[in-house]
Amino acid sequence: MLVRLTYASRASHSVSAELIRDILDSSQRNNPGKGLTGILCCNADVFLQALEGPRSEVNALYNRLADDSRHKDLTILDYAEISVRRYSSWSMGWAGAKQVNRELFLKYSSSDRFDPFHMTAEQINGLLLELGETLSAIKSPVLG
Ligand SMILES: Cc1cc2nc3c(=O)[nH]c(=O)nc-3n(C[C@H](O)[C@H](O)[C@H](O)COP(=O)(O)O)c2cc1C
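The numbering scheme is per chain: residues are counted from 1 as the chain's sequence reads. For a predicted model such as this one, the threshold for reporting local features is a pLDDT of at least 70, and the threshold for listing and counting side-chain atom pairs is 80 or more; totals across whole chains, interfaces and linings nevertheless cover every residue.

1. Remarks on the site of the ligand
Spelled out, the test is: Only the C-beta atom matters for this test: placed from the backbone, it must lie within 6 Å of a molecule or strand for the residue to be near it. Secondary structure is summarised from DSSP: a helix means a run of H or I of at least four residues, a strand means a run of E of at least two, and numbering begins at the N terminus for each.
Around the ligand, the structure places 16 residues, and the nearest of them are Ser 26, Ser 27, Asn 30, Phe 47 and Asp 68. The set of elements that each furnish at least two residues to the shell around the ligand consists of α1 (17–30), β3 (46–54) and α2 (55–66). When residues in the shell around the ligand are grouped by element, the largest group, 5 residues, is from α1.

In structure tokens form, the structure reads like this:
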């Protein structure tokens, strides 16, 4: 059975390129073998991540993430059984909450700021779906 869990969290310290690299390295190392895919969006302060895969693996990863001191205030925004993946192309796709995405933030929330804690599950899902679509066109946005 497949599920998708979407959560937001606050970075313990300002997010660096090195931290993102570290997270994506872990994701590439661990997620494929567990059937996990997903997308991660963040700015300097806030993470938004959707995890999809077998329920037991998604739940286990979330519990591991909750123990990671590099972020805090983990808040589950949506949890659903799914029949089809949305982010099957990525062990963990990454999209920075940068200037070019402001238009998308405004489309899905009351301001052009990246603030998933104040968005509904429906808005979050719409935002991540569109970020995922734009991702396909970008290669290693932070690492390149
Ligand atoms: C915002 C955030 C997202 C993360 N996403 C993943 C992930 O999708 N997969 C993963 O294995 N680790 C992820 N991690 C890292 C885990 O918390 C943990 O450090 C890692 O899984 C340990 O495995 P490793 O020793 O192979 O690096 C994430 C950490 C943070 C802060």
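2. Some words on the environment of Asn 59
Checked against the element boundaries, Asn 59 lands in helix α2. Between the C-alpha atoms of Asn 59 and Leu 5, which are 54 residues apart in sequence, the distance is 8.3 Å.

3. Digging into the environment of Pro 32
The line we're drawing: Here the C-beta atoms are placed from the backbone, and a residue counts as buried if at least 20 other C-beta atoms lie within 10 Å of its own, exposed if 12 or fewer do, and partly exposed otherwise.
Note that Pro 32 resides in the loop between α1 and β2 (37–42). For Pro 32, a count of 12 C-beta atoms within 10 Å puts it in the exposed group. With 58 residues separating them along the chain, Pro 32 and Trp 90 place their C-alpha atoms 8.9 Å apart.

4. Brief notes about the pairing of β3
We count it as follows: Strands were regarded as paired on the criterion that DSSP finds at least two bridges between them.
Of all 9 residues in β3, 8 are buried; the element is thus mostly enclosed. Pairing between β2 and β3: 6 bridges, direction antiparallel. Within β3, the residue paired with Gly 38 across the bridge is Leu 51. Hairpin connection between β2 and β3: a loop of 3 residues separates the two successive antiparallel strands.

Shape descriptors only; they carry no functional weight alone.
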